[in-house]
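Remarks on the overall topology
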Amino acid sequence: MTSAEMKAAILHHLVYTQGKDAVTAKTYDWRMALSYAVRDKIVDRWFEATRRAYAEKRKRVYYLSLEFLIGRLLKDAIINMRLEESVLDALKDLGIEWEEIIEDEPDAALGNGGLGRLAACFMESQATLGLPAMGYGIRYENGLFRQRFEDGRQVEEPEDWLNQAHAWEFARPEVSIDIGFGGHVQEIGSRANWYPSEVLIARAHDTPVIGWKGRWGNTLRLWEARPMHGFDLARFNRGDHTAAAEPEAMARTLSRVLYPDDHTEQGKELRLKQEFFHTAASIRDILRRFESEYDDLRLLPKKAAIQINDTHPAIAGPELVRILHDERGIDFEEAVGIARNTISYTNHTLLPEALETWGEARMGRLLPRHMQLIDRIDDLHRRETGTHDLNAHHDGKVHMGTLGFIMAHKVNGVAALHTELMKSTVFKDLHELHPEKIVNETNGVTPRRWLLSCNPRLSSLITDSIGDNWVDHAEDLKKLEPFTEDAGWIEKFTAAKHANKVDLSNWIAETLEISVDPDSIFDIQVKRIHEYKRQHMNLLETIAYWLEIRDNPNAGWTPRVKIFGGKAFPNYIYAKEMVHLANDMAKVMNSDPLTSRFLKVVFPPNYNVSLAERLIPAADLSEQISTAGKEASGTGNMKFSLNGALTIGTLDGANVEIRELVGAENFFLFGMTAEEVMTHRAEAGHAARAIAADPRLARALETIRSGGFSPEEPGRYHMITDNLTHHDYFMVCSDFTDYWRAQRDVDAAFADKAEWARVAALNTARTGWFSSDRTIRGYMRDVWDVEAAPLVDLAAE
Ligand code: NBG
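Residues numbered from 1 in each chain as written. Predicted model: local features only at pLDDT ≥ 70, side-chain atom pairs only at ≥ 80, totals over all residues. Heavy atoms only, no water.

By the naming in an unreviewed UniProt entry, the protein chain goes by Alpha-1,4 glucan phosphorylase and is assigned to Aliiruegeria lutimaris. In the Sequence similarities (unreviewed entry) part of its UniProt record, the protein chain is described as follows: "Belongs to the glycogen phosphorylase family." The UniProt entry for the protein chain carries the following text under Subcellular location (unreviewed entry): "Cytoplasm". (UniProt positions renumbered as here; feature names shortened; annotations may be inferred.)

The next point concerns the sheet that holds strand S21 (residues 599-602). Across the sheet, six strands lie side by side as S21-S20-S19-S22-S23-S24; this open sheet has parallel pairing. Each edge of the sheet is formed by a strand with only one pairing partner; in this case those strands are S21 and strand S24 (668-669). For strand S19 (residues 521-526) and strand S20 (residues 560-565), the ladder comprises six bridges, and the chain directions are parallel. Looking at the pairing, isoleucine 524 lines up with isoleucine 563 of S20. (Pairing = 2+ DSSP bridges. Helix = DSSP H or I, 4+ residues; strand = E, 2+ residues; numbered from the N terminus.)

Residue placement: isoleucine 315 occurs in the loop between strand S12 (304-309) and helix H12 (316-327). Residues isoleucine 315 and methionine 400 lie 85 residues apart in sequence; the distance between their C-alpha atoms is 7.9 Å.

Taken in spatial order, the three strands line up as S14-S16-S15 in an open sheet, and their pairing is antiparallel. Edge positions in the open sheet fall to strand S14 (357-359) and strand S15 (393-394), since each of these has one partner strand only. Pairing of S15 with strand S16 (residues 397-399) involves two bridges; the strand directions are antiparallel. Within S16, the position partnered with histidine 393 by the bridge is valine 398.

Right, let's talk about unusual backbone geometry for a bit. Despite not being glycine, aspartate 151 has its phi angle at roughly 50 degrees, a positive value. Assignment of secondary structure puts aspartate 151 in the loop between strand S5 (146-150) and strand S6 (153-157). Judged by relative accessible area, aspartate 151 falls into the exposed class, the value being 69%. The residue asparagine 606 is not glycine, and still its phi comes out positive at about 60 degrees. By the element assignment, asparagine 606 lies in the loop between S21 and helix H24 (609-615). (Buried < 20%, exposed > 50% of the residue type's maximum accessible area, 1.4 Å probe, protein only.)

Taken together, 16 residues lie near the ligand, and His263, His348, Asn443, Glu631 and Gly634 sit nearest. The separation between an oxygen atom of the ligand and a polar main-chain atom of alanine 632 is 3.4 Å. At 3.0 Å from an oxygen atom of the ligand is found a main-chain nitrogen or oxygen belonging to serine 633. For the shell around the ligand, the residue count by class is five nonpolar, eight polar and three charged. Here the shell around the ligand spans two domains, since at least three of its residues come from each of domain 2 (58-72 + 117-137 + 168-443 + 780-784) and domain 3 (447-770). (Near = heavy atom within 4 Å. Polar contact = N/O pair within 3.5 Å; in protein donor to acceptor, adjacent residues only side chain to side chain. Nonpolar A, V, L, I, M, F, W, Y, C, P; charged D, E, K, R; others polar. Domains from an automatic or database assignment.)

Structure representation (structure tokens):
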């Protein structure tokens, strides 16, 4: 597409779709016009892919997830369609600022963190690989809350990304599916009729997901909840105006908010309803498509693979069995077999507080037929395996992890260590019964968004050096290795990183009014705020460093900028205290004349996908410091490494694999192993002993305790200091000393600029393996048994 054609398309949509005259058009109007112009190009490719999937009778993958953290879509689409040149030229011609347009798009935050972002990366990789796939999610009206700080405290505000028109979706009112809840069951022999007492409608909204070079496109289908009967006119006419709108409001509640926690099981009825609503609508839709093509349901596992993203959609098993058995008349055991061979389940955490359970009373009330079927599934599984005590339904609850496991033919972990821990801990007994079921599929990230798009300087250097094949064959980044021995090339690499750091410094100065020196170490920890991720350990180390500088301000310290980002679950008081402490520390430290040349603390609010895209390319040091055994994988860790940051981290999640790939000598390792954590935790008084043995740690804790960062309220952080001193489940104190040591190793290493840059470049060269293309290929081979369509390379016109 030429620039002139692009310009004409933008102007056409500005007038005829957006209904605006160029003279009065605002940034929003131009963004919408550009989005429609780009979308037009995508639609043809998307249809073409859909038609091919049908014509070639291909097996499809269905990715069921309560979260899709897709972020902004415009730039992604432009880059994958290779339209940057024509768009940039056209905008320039029209006098419109590219940056302004990109920044104007709301960040679709339909997820909490890693789990949701992984789903988004998977969608992009599936499209890039030409794998016929469909993502099913919920179209939350309010995504993850917006975070603001008020006197350093986190304040949550509703996120209303749908307030403006959303350029990327197509409403499909013709795809409306009835979803029932409650009511009663009438058993007829083995089968039953379910008569729900409440019925809602799931309405589909489709967003095209286009792969690299536009060679394939898939659909992200998000469900909106609508009332069966909308506005009650009779009631309205009787003057009961509020009640008239009630059904509408009740239904809308269901797809209104994303639950803002990712590691605690909430047990709220609305959440269970959301899960069933999402899953039942998706299963219906999958069967409708299947039955339009084939007439033998026994073929389902050959033509469809349903992936359950964590346990949230795990009711898919019983629901599919219910339809196959009750509605289609397939024998119960055979129905279970078909469902199992179709479904597979990904586990994303071993934290006990995150493993979903539902009370049998609630489940029985809301989903009476499913409750019966779960018991029959348990019963069948007992007979198959000759066991007595491995039921999904036990102790008055339905355990969704067990249900997911029993109803899947494959169950996967998301990093090597995590998968091994699944086998030896949470799923130990089930694993012994089904030793073939658990497989590992280490997470990945799409290099299109997480390198090509977010880091244009480094990407151009890479492409200039090795060509652009790396974009969809990220293992090609290995070809950079010889360049890392070339001083001239390393200078270019350093220049790219430095320019990214200057950009970030300017942004920090503009938005937060903090000046930071781009020559400092940019040390970044961005992720949800959680005790197991140990932001407080990082804060303690920051305090200890600060105190040391104060003691001896002229000792030639290595300057650092400590950057934090992340949201705390609104009811998680401890995590909110960590946020508050970080902000209080920033206030004190950034204005300390003795230390501020050497140490700054920066905490931009509202960490989201777009902020990640801004921060990661500018990082020198990536903080991956979770208690070993607790972080299933991590994906931020991969993004940092890919963008040339060095990692300071524990042997946890995918850190283990990052270290193997980049080389142990290029990784700042510290802390206990998962096994050591388990034994050490059992020893009483571990925290007190660690504190007594490390005066720096003791002093840092004492500084917080005595109100060093909250003089107006010295006891403000007693929750944190008491917990760390007496309990410290996540072993912050016991790992602190080694963490401090590793941080000083970082200082020493940073002093040799050229060597640091060489290692940073090696990180980029050696982490192509973490492309989500590799992950998806793994699922295709080990889990889904599916092949991609051969792709025709359609260069950008
Ligand atoms: C998260 C893990 C991360 C992992 C992502 C994606 C949940 C329940 N789990 O370590 O904590 O990277 O899933 O797999 O959100």
